[in-house]
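# Per-entry structural report
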Amino acid sequence: MSHAHDFLKGRLATGARTDPWAFVGRAEEIAYLLQLSKDLPPEGKRSQTVLLQGAPGSGKTSLMAHVARLMGRDADAATGTHLMLSPPRRWEQVDEVYGHVATMLADAPPPVGSSTTQKTSKVRVGGGALGGEHARTRTTSPVTFAGATSIADWHRSTGTAEEWHPKRRVVVFSDEVQEVQPGGPAAALVEDLHAQASIPVLLVCAGLSNSEKRLKGAGLSRIDNVLTLGALSHEEAVECAERSLRQAMEHDIGGSNADITRWAEGVARASDGWPRHLHTYLHETWSALAEMAGPDLTGADLKRALAKGDKAREAYYRRRAELSSCPPGVLQALHNKLISHGAILEQDARSTVRQALRNGSEDQRADWSERFETLDEAFDKMLSAGVLSKDGDGRYHSPIPSLTTYILSPDPGMRSGTGGATFTSRARTSKAPSPN
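Residues numbered from 1 in each chain as written. Predicted model: local features only at pLDDT ≥ 70, side-chain atom pairs only at ≥ 80, totals over all residues. Heavy atoms only, no water.

### Re the side chain of Thr-49
Relative to the helices and strands, Thr-49 is located in the loop between α2 (27–36) and β1 (50–53). Looking at Thr-49, its side chain comes within polar contact range of the side chain of His-194, at 2.6 Å. In contact with Thr-49, not counting residues within four places along its chain, are His-194, Leu-203, Cys-205, Ile-223 and Asn-225. (Helix = DSSP H or I, 4+ residues; strand = E, 2+ residues; numbered from the N terminus. Polar contact = N/O pair within 3.5 Å; in protein donor to acceptor, adjacent residues only side chain to side chain. Contact = heavy atoms within 4.5 Å.)

Right under this line is the structure:
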């Protein structure tokens, strides 16, 4: 197998949730997060929690990982980062998070590792042939931290002379926060890190468009820093595709600069600038090249690759619609409204659903009643499935035009590389509020 084929095999093995092959865009959000990380307790402002929200596939996890890398390279501050890919479900996991923060921030012994004590005892077990002695070993960590205050107490008790601010800080990233349940371990963790004023920690949460509501239900006070991720601009999508393709050419994939431009424009246009779809169409690009004896962009079939990407995107949308549990007529009514308005207020969205149910069949109304007890539950489900998004101003919008095209199509299926519907979303991304 050639070096080029080895490279393509590695690319094809990556899933849709992996980091992008070339991170592009989000400059405003990145600058905002970096700025907030410089104004932390105890001297700085408390409750600086940031919520990154957006529909599935908008690149929230990739953005957090990218910011963590940038912070790790900051020569002006000793920054520790801790990324949770999902909220902790057990109290032991919460203790581990605090332990890692304490290690990075206050040089405490690591929560898992060599700094443990072991106690072994022997117990006699009776019962005929099963009798004998069995050893029981119990391993315990010498230090357990139960919250931000306990980390601050440790820092004071050890007599550490180094000031925390601004040279030492920790950023805790928590993904999938729409799964946080009131009264659970994750709720206690995020509430404590959000409200604390004793250690220099910034909490950055990421989740779907219903995350702010879920976090409030879990006990968080008002979250001032809410950033909504939408699609990349066309120029950013082209840059992402171009940089990814140039990486391929560094691994013996053939082609010219003109080929890179042609393929990058096609992939960017077809993807609508949606990060997940960029990955999908680039994945089909690697597949098309891998089928060739001598991988070369000049001879590869761009039209066929985009057509395969369209099918994968359609299957993804079909699955999103199924996960929403929402009758097609209701989804179509909402997206028809979005075509003319771009984004709608909550009362308009609710009114649209009620009207669609009144105009629908008796079977459709019965189906709706069986699936949802309230309108709130229905909208929560649609946001979770990603068939709707909600921006920082509380307005509903379509995450991407091609999703609306799919939902409104009588025969779902899109022409190769169409790039979506003929309307402009007014909620590509929210403007980051100015840090105080």
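Here the narrative resumes.
### Notes on the pairing of strand β5 (residues 168–174)
β5 sits mainly inside the fold: 7 of its 7 residues count as buried. When strand β2 (residues 78–84) meets β5, the two strands line up parallel, connected through 7 bridges. If you follow Ala-78 over to β5, its bridge partner there is Arg-168. Summarising the sheet, β5 and strand β6 (residues 201–207) pair through 5 bridges and their orientation is parallel. Bridge assignment links Ser-174 to a residue of β6, and that residue is Cys-205. In this view, the connection linking β5 to its parallel neighbour β6 by way of helix α6 (residues 185–195) has right-handed handedness. (Buried < 20%, exposed > 50% of the residue type's maximum accessible area, 1.4 Å probe, protein only. Pairing = 2+ DSSP bridges. Right-handed = clockwise from strand over helix to strand, strands pointing away.)

### Observations concerning the sheet that holds strand β10 (residues 396–397)
What the 3 strands build is an open sheet, ordered β8-β10-β9; its pairing is antiparallel. Each having just a single partner strand, β8 (343–344) and β9 (389–390) make up the two edges of the open sheet. In the sheet, β9 pairs with β10 via 2 bridges, with the strands oriented antiparallel. Bridge pairing links Lys-390 to Tyr-396 in β10.

### Focus on the nonpolar core
In this structure, Val-101, Val-172, Ile-199, Val-201 and Leu-215 are the most contacted members of the largest nonpolar core, which totals 31 residues. In terms of residue count, helix α4 (residues 91–106) provides more of this core than any other element does, 6 residues in total. (Core = buried A, V, L, I, M, F, W, Y, C linked by side-chain atoms within 4.5 Å.)

### What to know about the environment of Thr-18
The residue Thr-18 is located in the loop between α1 (3–12) and α2 in this model. Polar contacts involving the side chain of Thr-18 include one to the main-chain carbonyl oxygen of Gly-15, which spans 2.7 Å.

### Notes on the side chain of Arg-26
Mapped onto the fold, Arg-26 is located in the loop between α1 and α2. Glu-29 provides the closest opposite charge to the buried, unpaired Arg-26, separated from it by 5.0 Å. There is a polar contact of 2.8 Å between the side chain of Arg-26 and the backbone oxygen of Gly-230. For Arg-26, the residues in contact, after removing those within four places along its chain, are Ser-58, Leu-63, Leu-229, Gly-230, Ala-231, Leu-232, Glu-236 and Pro-275. (Lys, Arg positive; Asp, Glu negative; His and termini not counted. Salt bridge = Lys/Arg side-chain N within 4 Å of Asp/Glu carboxyl O.)

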